[in-house]
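The lines below spell out each chain.
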2 protein chains.
Amino acid sequence: MTTTTGLPAFEGPMCPLPLSHTERIVLGHGSGGRMTHDLIRTLFQAHLGNPYLEAGNDFARLPLGIEPYSEGHLILSTDSHVISPLFFPGGDIGRLAVCGTVNDVSMSGAIPLYLTAAFILEEGLSIETLERVVQSMRQAADEAGVSIVAGDTKVVEKGKGDSLFITTTGVGWLPSHYHLRGGEQARPGDVVLLSGPIGDHGIAVLSARGELGFEAEVKSDVAPLNHLIQAVLKAAPHTHVLRDPTRGGLATTLNEIAQQSQVGIRIEEAAIPVRPAVRAACEMLGLDPLYIANEGKVIVIVPPEEAEAALAVMRQHPYGAEAACIGIVEAQPASRVIMRTTLGTHRVVETLSGELLPRIC
Amino acid sequence: MTTTTGLPAFEGPMCPLPLSHTERIVLGHGSGGRMTHDLIRTLFQAHLGNPYLEAGNDFARLPLGIEPYSEGHLILSTDSHVISPLFFPGGDIGRLAVCGTVNDVSMSGAIPLYLTAAFILEEGLSIETLERVVQSMRQAADEAGVSIVAGDTKVVEKGKGDSLFITTTGVGWLPSHYHLRGGEQARPGDVVLLSGPIGDHGIAVLSARGELGFEAEVKSDVAPLNHLIQAVLKAAPHTHVLRDPTRGGLATTLNEIAQQSQVGIRIEEAAIPVRPAVRAACEMLGLDPLYIANEGKVIVIVPPEEAEAALAVMRQHPYGAEAACIGIVEAQPASRVIMRTTLGTHRVVETLSGELLPRIC
C-alpha cells in the first residue's frame with residue numbers, strides 16, 4: 001500500500017481502472033479511496049457542486065441559525081427511492097428522489113432548503129446512466145430552489161442490488177409564525193381540494209415497464225410542489241392539512257388524514273379529476289385510480305372561507321391548473337372516508353391493504 | 001378497492017397476510033398501505049418510538065430554533081449502509097448505521113441530535129432479523145443520546161437487494177462559539193492523536209464472512225464517539241481537526257487531511273496501535289492495517305500545547321483507553337503522508353486506490 005518509489009504498490013484485490021477509463025461502476029467506486037474520490041469529483045460535484053459539497057468533509061455546515069432563518073422549527077424528512085425502471089415518461093429516479101423529499105418537507109408548510117443524497121449503486125451500472133440521473137437531480141433541485149449539500153456512495157456486487165437506489169433526506173425551515181399542517185389538523189366543515197388529476201405517475205411507470213400491453217400517452221406528474229404550496233399558504237393562511245397522495249394513492253392518504261384527525265371525509269367521485277388515458281388503463285387492468293401513486297399532487301384541506309382563494313391560486317400555478325374541490329370534512333363517521341359514486345351510491349373507501357404496484361417510487 | 005359491505009374488496013395482485021401472521025417481509029410491506037402501517041406501528045415505532053415518529057406525518061418537526069439550540073449552525077451528514085453480513089462480532093448493521101452517522105456529524109465538533117433512517121428491505125427478509133436490527137439501532141441511539149425522528153421503508157423483489165440496506169441521515173447543532181473542525185484546519189506543528197487500535201472493524205467483518213480461514217478473536221470497534229469528542233473539545237478547545245478513519249482506513253483519511261490542509265503529515269509506524277490478532281490476520285491475508293476500515297476511532301489533530309490534555313481525556317474514556325500520539329503535522333511535503341517504519345526507513349503512505357474489502361460498511 002505504501003511505496004518509496006512513487007510507483008503504485010500492490011494493494012490486494014482491486015479494480016484498477018480510473019473513472020475516465022471505465023464506463024461502468026465497479027466495486028472500487030465504493031472503496032472510500034481514490035476511485036470514490038474520482039467519482040465524487042468528476043460526476044457528483046461536477047453536476048451538484050456547491051460550497052457545501054466542495055468542502056470535502058463528511059458533513060455539511062448550514063447557515064440555519066442566522067437570518068432569514070433565525071427563528072422557528074426545523075423540518076426533516078427522508079425517503080429511499082427504488083423505482084423500476086430508472087427512466088419513465090415524464091421523469092426518472094433522480095427527479096423523483098429530489099421531488100419526493102422536497103414535497104414531504106413542503107407538506108409541513110415548511111420551506112425546503114437542503115437535501116442530502118445517498119446512492120447505492122449496483123456493480124455494472126453504466127456511468128452514463130448515473131450521470132443522466134444526477135443531472136436530472138440537479139435540474140429538479142434548481143427548480144425547487146434547494147441545494148444538495150451532502151452525499152454518500154456505496155457499491156454492491158452485481159445481483160445484490162438493482163442498478164441504482166437513491167435515498168434523499170430533506171431539511172426545511174418552518175418560520176415560527178407558521179403553524180404546522182399535519183394530518184391531525186382536519187376539522188369538520190373544512191373543504192378538501194386536490195391539485196390535479198390522479199394516477200398519472202403509476203400508469204406512466206406501468207407503461208414504461210411494458211405492463212399495459214399498449215402505450216398509454218401518460219406522463220408521470222413528478223414535480224416539486226414547494227412553490228405551489230407556498231402560494232396556497234399565502235392565499236389561504238389558515239390551511240389545516242397539506243398532504244401528497246403518493247404510495248397507496250388518494251384513497252390511502254385520505255384515510256390517514258381521517259384517522260389522524262378523527263373525522264369523516266366525504267368525497268365525490270365525479271369531482272375527482274382522472275385523465276381519460278389513465279381511466280382507460282385502469283379499467284383494462286382492473287385497477288382503481290384512487291389507489292394509484294401520484295408524485296406531483298397535493299391534497300389541501302382548508303376552512304370553507306379560504307377554499308375559493310386556495311383553489312384560485314392553485315389553478316394559476318402550472319402544477320395546479322386542473323385543481324378541483326373533491327369533498328368535505330364532517331364529524332362523522334370518524335376515521336372513515338366515504339365516497340358518493342357517479343351512480344349516486346355511497347361507498348366506504350378503504351386503505352390499500354396489499355401491494356398494488358411494487359417499486360413505484 | 002372500495003366496498004359497501006364492509007368486507008374487503010378485491011384489490012389486484014397483493015400480499016394479503018397481516019404482519020402478525022407472517023414471518024417474512026413481502027412486497028406488501030412496501031405498499032404504503034395497511035401492511036406498511038402495521039410494520040411501522042408494530043416494529044419501527046415499538047422500538048424507536050418517540051413523539052416525532054408517533055405524529056404519523058411524512059416529516060418530523062424539531063425544536064432546533066429554540067433554547068438551548070437557539071444560535072449556531074446546523075450540521076448534516078448522510079450514509080448508506082450495505083455491510084455484509086448483517087451481524088458480525090461486536091455489532092450489526094443497525095448499530096453501524098446509527099454510529100456511522102452520529103460519528104460523521106460529531107467530526108464537525110457538533111452535538112448530534114436527530115437521525116432519520118430509511119430501510120430498503122429485500123422480499124423474504126425475516127421479520128425477526130429486522131426486529132433485532134431495529135432494537136440494536138435503538139440501543140445505539142440511546143447510548144449516543146439521539147432520537148430517530150423520521151423514517152421510510154421500501155421493499156424490493158427477492159434478488160434485487162441483499163436482505164437489508166439502511167440509510168441514516170444525522171442532524172447536529174454546532175453552537176456559534178464552536179469553530180468547525182474540518183479536514184482543512186491542520187497546521188504545521190500540530191500533533192496527530194489516534195483514539196485506539198486500527199483495523200478491528202474490517203477484520204471482525206472478514207472473520208464473520210469466513211474469509212480468514214480461522215477465527216480471529218477480534219470484535220468490531222463500532223461505537224458512537226460523540227461523548228468522547230465532546231470531552232476532547234472541552235479539554236482541548238483549540239482542536240483543529242477531527243476525522244474518523246472509516247472506509248479506506250487511517251492511510252486514506254490522513255491523506256484526505258493532508259490534501260485539504262495542504263500540509264505534510266509524518267507518522268511513526270511503531271506508535272500506531274494494532275491488536276496482535278489484527279496484525280496476524282493482516283499478515284496472513286497480505287493486507288495492511290493502515291487501509292482497514294474502523295468504525296469507532298477518531299483522529300484528533302491539535303496544537304502541541306493542548307495535545308497532552310486531549311490524550312489524557314481520551315484515555316479516560318472507554319472508547320479511547322488505548323489512545324496514542326502517532327505523528328505530527330509539518331509544512332512539507334505538502335499533501336503527503338510520510339511514515340517512519342519500524343525499520344527506520346521513510347515511506348510515502350498513499351491513498352487507497354482500488355477496493356480492498358467491499359461492503360465493509
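- Chain A appears in an unreviewed UniProt entry as Hydrogenase expression/formation protein HypE from Thermanaerothrix solaris.
- In its Sequence similarities (unreviewed entry) section, the UniProt record describing chain A reads: "Belongs to the HypE family."

### Some remarks on the UniProt feature "domain: PurM-like C-terminal" (unreviewed entry) in chain A
So, point 1. UniProt marks residues 187-338 of chain A with the feature "domain: PurM-like C-terminal" (unreviewed entry), using the numbering shown here.
So, point 2. Within the segment residues 187-338 of chain A, helix and strand shares are 36% and 17% respectively, and the terminal C-alpha atoms sit 16 Å apart.

### Structural notes on the interface of chain A and chain B
So, point 1. Between chain A and chain B, the contact holds 94 residues from the first and 94 residues from the second.
So, point 2. Where chain A abuts chain B, roughly 8200 Å² becomes buried across the two surfaces, and 56% of that area is made up of carbon and sulfur atoms.
So, point 3. At the junction of chain A and chain B, the tally comes to eight salt bridges.
So, point 4. Across the pair glutamate 157 of chain A and arginine 359 of chain B runs a salt bridge, and its minimum N-O distance is 2.8 Å.
So, point 5. At the junction of chain A and chain B, the tally comes to 20 residue pairs in polar contact (both at pLDDT 80 or more).

### Brief notes about the packing of aromatic side chains
Residues and elements named next belong to chain A.
So, point 1. For the coordinates displayed, the defined rule picks out three aromatic pairs over all chains.
So, point 2. Judged by centre distance (4.6 Å) and plane angle (45°), the ring pair of phenylalanine 44 and phenylalanine 119 falls under tilted. Of this pair, phenylalanine 44 sits in helix H1 (residues 34-48) while phenylalanine 119 sits in strand S6 (residues 111-122), placing them 75 residues apart in sequence. Here the two residues phenylalanine 44 and phenylalanine 119 agree in accessibility, since each one is buried.

### Looking at the side chain of aspartate 92 of chain A
Residue and element names in this part refer to chain A.
So, point 1. Locating aspartate 92 in the fold gives a position in strand S5 (residues 91-92).
So, point 2. Among buried Asp, Glu, Lys and Arg side chains, aspartate 92 stands out as unpaired, with arginine 132 the closest opposite charge at 6.7 Å.
So, point 3. At a separation of 2.7 Å, a polar atom in the side chain of aspartate 92 contacts the side chain of serine 136.

### Details of the pairing of strand S3 (residues 73-81) of chain B
Regular strands show a simple pattern: their side chains alternate between the two faces of the sheet.
Residue and element names in this part refer to chain B.
So, point 1. Of all nine residues in S3, eight are buried; the element is thus mostly enclosed.
So, point 2. Direction of pairing for S3 relative to strand S8 (residues 164-174): antiparallel, over a ladder of nine bridges. Residue pairing across strands places serine 80 opposite threonine 167, the latter belonging to S8.

Cut-off values and rules
- The numbering scheme is per chain: residues are counted from 1 as the chain's sequence reads.
- Chain letters start at A and ligand numbers start at 1, both assigned in the order the entries are written.
- Residues qualify for local features only when their pLDDT is at least 70, as the model is predicted, and side-chain atom pairs are given and counted only at 80 or more; totals for whole chains, interfaces and linings, by contrast, use all residues.
- For the side-chain quantities, the full set of heavy atoms in the structure was used; hydrogens and water were omitted.
- UniProt positions are given in the numbering used here, feature names are shortened, and annotations may be inferred rather than shown by experiment.
- A run of H or I in DSSP counts as a helix once it spans at least four residues, and a run of E counts as a strand once it spans at least two, with each numbered from the N terminus.
- A contact between two residues is defined here by any heavy atoms of the two lying within 4.5 Å.
- In this description, buried area is defined as the sum, over both parts, of the accessible area (probe of 1.4 Å) that is lost when the two are combined.
- Here a salt bridge means any side-chain nitrogen of Lys or Arg lying within 4 Å of a carboxyl oxygen belonging to Asp or Glu.
- Contacts described as polar in this section are N or O atom pairs within 3.5 Å, which, within protein, must combine one atom able to donate a hydrogen with one able to accept it, while residues neighboring in sequence count only if both atoms come from side chains.
- Here the aromatic set is Phe, Tyr and Trp, taking the six-membered ring for Trp, and pairing holds for ring centres within 6.5 Å; pairs whose planes are under 30 degrees apart are stacked, those over 60 apart are edge-to-face, and all others are tilted.
- Burial classification: accessible surface area is computed with a 1.4 Å probe over protein chains only, and a residue below 20% of its type maximum counts as buried, one above 50% as exposed, and the rest as partly exposed.
- Positive charges come from Lys and Arg alone, negative charges from Asp and Glu alone, with His and the N- and C-terminal ends not counted.
- Pairs of strands are assigned from DSSP output, requiring at least two bridges between the strands.

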